Every structure is written in C-alpha cells, then in structure tokens.
Amino acid sequence: MRKKQQGGTAPVKKELVSPTTFNVYVSKLSDVLVKALDAPLGYAINWGRIWSLWPVHLETACCSVEFGAASGPRYDVERFGIIEAFGSLRQCDLIVVQGTVTRKMAPRLRMVYDQMPEPKYVIAMGACAITGGLYIDSYNVLPGVDSIVPVDVYVPGCPPRPETLIQGTMLLQEKIKRSKIK
Amino acid sequence: MSDNKEEPKKPAAAPTKPSTAKTTAPAAKPTTPAAAKPPAPAAKPAAAAPPPKKEPEPPAFEKGLVDEIKKKFGDSIKTVFIRPRRIKIQVEPHDITEVATFLRDSMGLDHAESVTGTDYPKDGQIEVTYHLGSYSREDLGAHVLSLTTRTNRDDPKLPTLINVYKSVEYHERETFEMLGVYFEGHPRNERFLLPEDWADIPPLRKDFRIKGR
Amino acid sequence: MTSLDEKFEESKRLGLQIVKESEEDRLMTLSVGPQHPGSGHFRFTIKVDGDYIVYCDPDPGYVHRGEEKMSEYRNFIQNIPHLERPVIHDSTNITYSYSLAVEELVGIEVPRRGQYIRAIASELNRQVYTLYWLAIYGIFLGHSTMFMWPTGDRELFIDLLEALTGARVTHAFNIPGGVRNDMPDGFKDRCLRQVKYFEKRLKEYEDIFYNMPLFRQRTEGVGVLTKEDAIKLGVAGSVLRASGVPYDIRKAEPYDIYNEIDFKVQYMKTGDSFARSYVPFLDMKESCNIIRQLLDKMPQSGEVRAKLQPNPKGPPGEAYRRVESGRGALGYHIISDGTPKPYRVKISVGSFRNMLALPFLLVGQKLADMPSVYWSLNYWPVEADR
C-alpha cells in the first residue's frame, strides 16, 4: 500500500485529489480519526448508537407479526430506542430479518442492506432466518440469512416471543458497547 | 382417484400385501426416500371397502343439479362423485368453456373459488379442477361444484376460462407456473409467485423433488 | 465545473434534443414494496399520471415457501405446524379447515366438546387477527393510537389463547379428530370477563377511529367495489360482505356446531374502503356474541378428541372443506391416494382471491388513497403466497 502511494505520488501531482484515489484518502483519514477518537470519545459515540437503533421496515415473513407485537404497548421496544422507521432506509442502521428469506426476497434484502449507511447491524429473527427452520426442505427458501448479510445477533424461536426479541436487541447493544467505533 | 372404476384393479395385483404392509407402515417412516411407492399398494385394499358407502344414496338436490347438466350435454359429462354439498364432474378440454358458460348462466355458479392442478405421472395426465361456487343463489351457497378436466402431461394445454370466470385469472396463472399447464387465450401465462430466475421444472410436478426428500 | 454552455454543447454533440412530452413520458412507474411502509411482504408496480393511478400490477411471491409441495412429503399430522405458518396470527382457523378435510378423508367424528372448544379458539383467534389487521390499518393511515390500542387489546386475547393452547401465536391446536387438550380451569370466567371488557373497548374504537372525520374522508367513497363486480371477481370475506353480499361460510355452510349458534351475518352495501374496514369491526362485535353463546351451550365434560391411529390414513379420495377465517373463506382441497401422506394439498385462501380486486380498485384512484384501499382488502401477503 505504501509503495503504491510512493509510486503514485511521484509522477503526477494531480492524482492526489483525483476521484479514483479520493476514497483511499478519505478512508485513511477516517482511520486516523478513529484511532484518535476511539479512546476519548468511543464510549460516548457508542452510547449514542445504542439508544437509537432504527430498524428498516422490511418484512420478510410471518415473524413480522411478533415484531409488530413487540412495538405494541405491552412490550414496547421503544424503550430501547427501536422505533420502526417508516421513512427512508438511508437513516436506518439495523435490519431485523423477520423470518423466512425466500429466493425472491434475497436479492432485495441484500439491496436494502447495501443501501444502508455504516455502521449497520443485522438481527436474524426466527428459526427460518437462522437455518431455514421449518422450511429447510422447501425449494424456495434459503437455509439461513447469513449467506446474504452478515448477522450480528441470532434470535431463535418460531416465532420468537417479543421478550426474546428484546433480549436479542439487548445483546446487540452489549455488542455495540464493546466494539470500537468505525 | 377421480376414476373410481380403476381402483379395484390395483388390489388384485398385490393380494398378499395387506397383512404385511399394515405392520410395516409405521416402520416405513425412517426410510422416507422410498416411502412414496411402498405404502401405495398397502392402502389400496382398504379402499375397496369405503366406495360402496358413497355410492348408495347420492343426495337428491345434488343429483338434480347433475341431471340438469347432463340433460344439456349428455354423455360428454362424466360424474366423478356426488356427495352432500360437493359435486365433481369431468369434461373433455374442448367442452370446458361451453360447460362453464352453461354453469354460470343457467345454474348461477357465478365465481370460481380456486383452481387445483394435480399431476398424475402414472396416467401421464394433469388434472385441473375449478371449484365453482355461488354467491347469488342462496340454496347453492354451501355447494362447491368441481369442474375438472384432464390434459396430456407432456404438452399440457387447456383453453382458459378467464372469459367465463374473471376470478380464475390469478389461479390459472399460478397453475401455469406450478404445473406448466399453458392456458390458451390467457393474456398472461408468465411468472407469478416464483423468483424471476427460476430455471427448473414446474415445482408441483411429481418428478420435481425437494431437497433431501 | 462545466458551464451551462458547455453542457449544452455536450448534449448537442450527443444528439439529445428537447422533445415534447409524450403520453408515455408523462406516466411514471412506481414500484411499491417490498421495502415500503405501505406494502408489507408484497410488491406492486403502479403507473401514475400526475396524481392518478392508471395501471397496477401485483407481484406477489416474496414469501412463497412452497407449502403445497412440502405437504406432499409429510403425513397428515406432521403437516399441521407448517400449514399454520402462513397466517400465524390466525393459526386456529387455517388449521381448522385442514382438520375438517382430513377428518372427512380419514372418517373421524369429533366429540361435541371438542367441536365447541375448536369454535371458541377459532373465534378468539378471529379477534386476534382482526385486531392486528386494524392496528396495521391504523398505522397505514397515520393514526398511531389505532396501532397502540388494538395491539394492546390483542395481547389480552393472546393471553387467553396461550392459556388454552400453550403457545402465543402458533397454536397447532386443531388436529384431525378434535383439539389437542381440554380447557384449563377457570377459562370460562376469564373469557367472559375479557369479552365484556372488549365490548366496552369496541365502543371506544368506534369513537376514536371510525367516527373520526379524517378517517371518514380518507375512506368513504374510495375504491368502490360494486356488488356485481365483487361477485364477478370472486372476492371473499369482509371485502365481499362490504359490497352487499351477505355470504359467510359459518352461515352458508355451517361446519361443526355453527348451526346451533344464533348470529347475524354482518354486511354493508356501499362497498367502499370504509365499508371494507368497518365490516371486520362488526365481525368482532358479533364474534363476542358467538363466544358467549359457545361458552353457555358447551357440554361441561366429555372427550375433546377422537382416538386417532398413529399414522392416520383414509381411502383414496378427495375432500374440499372451507371455514370462515378472518380474511374470508379458507378452503383446503386435499387429494389422498390412500397413503398416510396427502397426494396433493391445495390451500384456497381469501387473500389470494382478494388480490384480484387490487388492480381493479386502484386504477383511477389517487396515489394517496393507495394505502387505504390496499389494506382494506384484508390482504395478508404471506397467506396469499403460501
């Protein structure tokens, strides 16, 4: 990497700001920033992330019923900062994969994931999202969502009770708390 | 199974099976991959007893309905069964539009509830059943008339009923997708429920096997 | 940065011209779903001309899991859990007609107490389903209170069902031959108390939601489905009854003990979005009556389940049985070839039939009316895809 830079910088000066190398410099800069900020500000930034987890409004299958129940008054996941975002997915940082992912849904799920800004987290909710569950031998169902998107927390159950989902989000918050800021 | 006459033939082919097969039936479960064939002869002898139970008294009202249809179309209508509130008649593919029009106009069967396609590889045929019901005639509210027809399995083509029953539009599209039956005259014989890149045979054909089974 | 002149030159070089807007250009194609606040697990393409929808094409299948194919590889009992998944919040009703069909095939009679418990569970589940539907309808129209209230009251019915069946939403309670277990002690009192409370709440729902001028404006006269069209399209359930056809399977073809219950088929004649959203509400009211009657008339003791051989199988044959679910007639067409596994299972669901009305109703409506028309069709995508 360093060699390339030296080679790159020597011949033409313009290339310093050319669009092709622009991303490299930005990421370098962000690396520096992360190193500088992680120690003093990491805790505060993570704290901010923990309490404003916004899930995308993407329902993949029947677990969405229990997700709806979890947002209801009895379980009230809003306590944990999870409000179902009925707006754009550009402001979301969490996908709760609510159940079975079929072959037709999989490209859409990935497309949604790719459009979300970093940092982003994925909760696989329900047995179907984890391994394919009851529909493991179906011709149209993926055996688990982790071949499509990287999963942070698995919430088992068919469907998981809202309490389980809440525990899953708490585990995710724990994970975020311990992770370095990106 | 729609042809009741054919079934008594098969038990004769396997007369010794019943006693042994019945005991092995629960044990056959672990060996599921092969299970599709062995239990079939086992059940056939049991079938010999119930059909007489159905035959003796076809209910009067339903019988009347079938007679009405038969009066119009004669022998081209084959009655498969007449049970309380359920009638199944079989017609040839070229007759189906005419029969359906008659059922709609003269008998008040105004909508199709669903369309079932069934694959019978042994007969080399695909059966398509239209479940017709009535909202406008009160005395027919409980009844479902199954209008069924069979087509060749290798080149399945049937005339569409979309001009008679608007409600079969998506059902026929689904049948095309799941069994590959081409409905002539249907505006959209195309992909519906399956993913766009589906490149296998229609999934509800019997020779389509699902994972691990 | 290039100047405007340069840009102009560039477009000239590329052969671009300023063209008059044609008919095709004016139409804009919108893809609604599957990631859309107003769609659920469903996508439909619409073309809009200004504010008006001129074309609509549903594209279901995002939750198509091949239930019908899977059923051919499992025996009649093993099929129950996965067959209830399409509508987990109405799971008793979807297994109800399956059980009826299998009973007809195998030839079992359900004990009377079993039939009553089935009906009670089915009515309770209808409330659970309709409340969830109502909650989503509320959030579709931006009425957050109507999301919170029904979801909260739904939990109380879920509690009842949990006491009865042991599971929150996926009960697997109806099995061929009856129900899995008897009612727990004190269930009747609990049930009656809940029904009494719920009837009080229904009045409040009416005040805050159905009588609200905003809601009325958004739904009245929107997406009118006439009686003739409803019959022609073969829609089911509340959509049909809102168009003035008093057709309810519980009345038209009473299954189990529904012919002993005295109730009215609820219907309206206007056929607009308001009627379609109000009929399920009336159904909930009537359902409370039915539950009360069922609890009264129920035999105090007895078997709840007929004895069933471990691997039930019947003679070759077929059965088509229907029940009235939350979304209308729900039928199972089961063909058996005499083995313990069904030869073919076809699930005929109300959602799939109601989907046909969607393009029919949306064309000519304004884009802003889309959610109120779409969700008033009582459409549950997972069930339609199966």
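Residues numbered from 1 in each chain as written. Chains lettered and ligands numbered in written order. Predicted model: local features only at pLDDT ≥ 70, side-chain atom pairs only at ≥ 80, totals over all residues.

(A) The nonpolar core, seen in detail. Val97, Ile123 and Ala124 of chain A are the most contacted members of the largest nonpolar core, which totals 181 residues. Of all the elements, helix α6 (residues 112–140) of chain C adds the most residues to this core, at 17 residues. Excluding anything up to four places from it in sequence, Ile123 of chain A contacts Leu94, Val96, Val97, Asp152, Val153, Val155, Gly168 and Leu172 of chain A. (Core = buried A, V, L, I, M, F, W, Y, C linked by C-beta atoms within 7 Å. Buried ≥ 20, exposed ≤ 12 C-beta atoms within 10 Å, placed from the backbone. Helix = DSSP H or I, 4+ residues; strand = E, 2+ residues; numbered from the N terminus. Contact = placed C-beta atoms within 7 Å.)

(B) How the structure looks around the sheet that holds strand β1 (residues 27–32) of chain C. Residue and element names in this part refer to chain C. One open sheet accounts for three strands, arranged β1-β2-β3; its pairing is antiparallel. Strands at the two margins of the open sheet, each flanked by one partner only, are β1 and β3 (52–59). Neighbour-to-neighbour, the strand axes of this sheet turn through a mean angle of 20°, independent of strand direction. In this structure, strand β2 (residues 43–49) lies alongside β3, joined through seven bridges in antiparallel fashion. The residue of β3 that forms the bridge with Arg43 is Asp59. (Pairing = 2+ DSSP bridges. Axes fitted to C-alpha atoms, helices over the stretch in contact; angles between N-to-C directions.)

(C) Just the sheet that holds strand β1 (residues 78–83) of chain B, in detail. Residue and element names in this part refer to chain B. The five strands lie next to each other as β1-β2-β5-β4-β3, forming an open sheet whose pairing is mixed. One side of each edge strand has no neighbouring strand; the edge strands of this open sheet are β1 and β3 (111–120). Each strand of the sheet is rotated relative to its neighbour by a mean of 15°, with strand direction disregarded. The pairing of β1 with strand β2 (residues 86–91) spans five bridges and is antiparallel. Bridge pairing in β2 links Arg83 to Arg86. Each of β1 and β2 touches helix α5 (residues 60–73); the most contacted strand, β2, lies at about 20° to it. With respect to the sheet, helix α6 (residues 96–107) is in contact with β2, β4 (125–133) and β5 (144–152), its orientation differing from that of β5 by roughly 170°.

(D) Representation of the interface of chain C and chain B in the model. Each partner contributes to the interface: chain C provides 40 residues, whereas chain B provides 37 residues. Mapped onto the side of chain C that touches chain B, the elements with two or more residues apiece are α3 (67–71), α10 (227–233), β6 (317–325), β7 (328–336), β8 (342–348) and α14 (350–355) of chain C. In terms of residue count, the dominant contributor to the side of chain C that touches chain B is β7 of chain C (four residues).

(E) Inspection of the confidence of the model for chain B at higher detail. Residues and elements named next belong to chain B. When pLDDT is averaged across chain B, the result is 74; 72% of the residues are at 70 or more. Within chain B, the element-level pLDDT minimum falls on helix α2 (residues 17–24), averaging 39, and the maximum on β4, averaging 89. Below pLDDT 50 for its whole length, residues 1–54 participates in 53 contacts with residues either more than four positions away or in separate chains. Per the prediction output, this complex has pTM 0.82; the corresponding ipTM is 0.84. (pLDDT = per-residue confidence, 0-100.)

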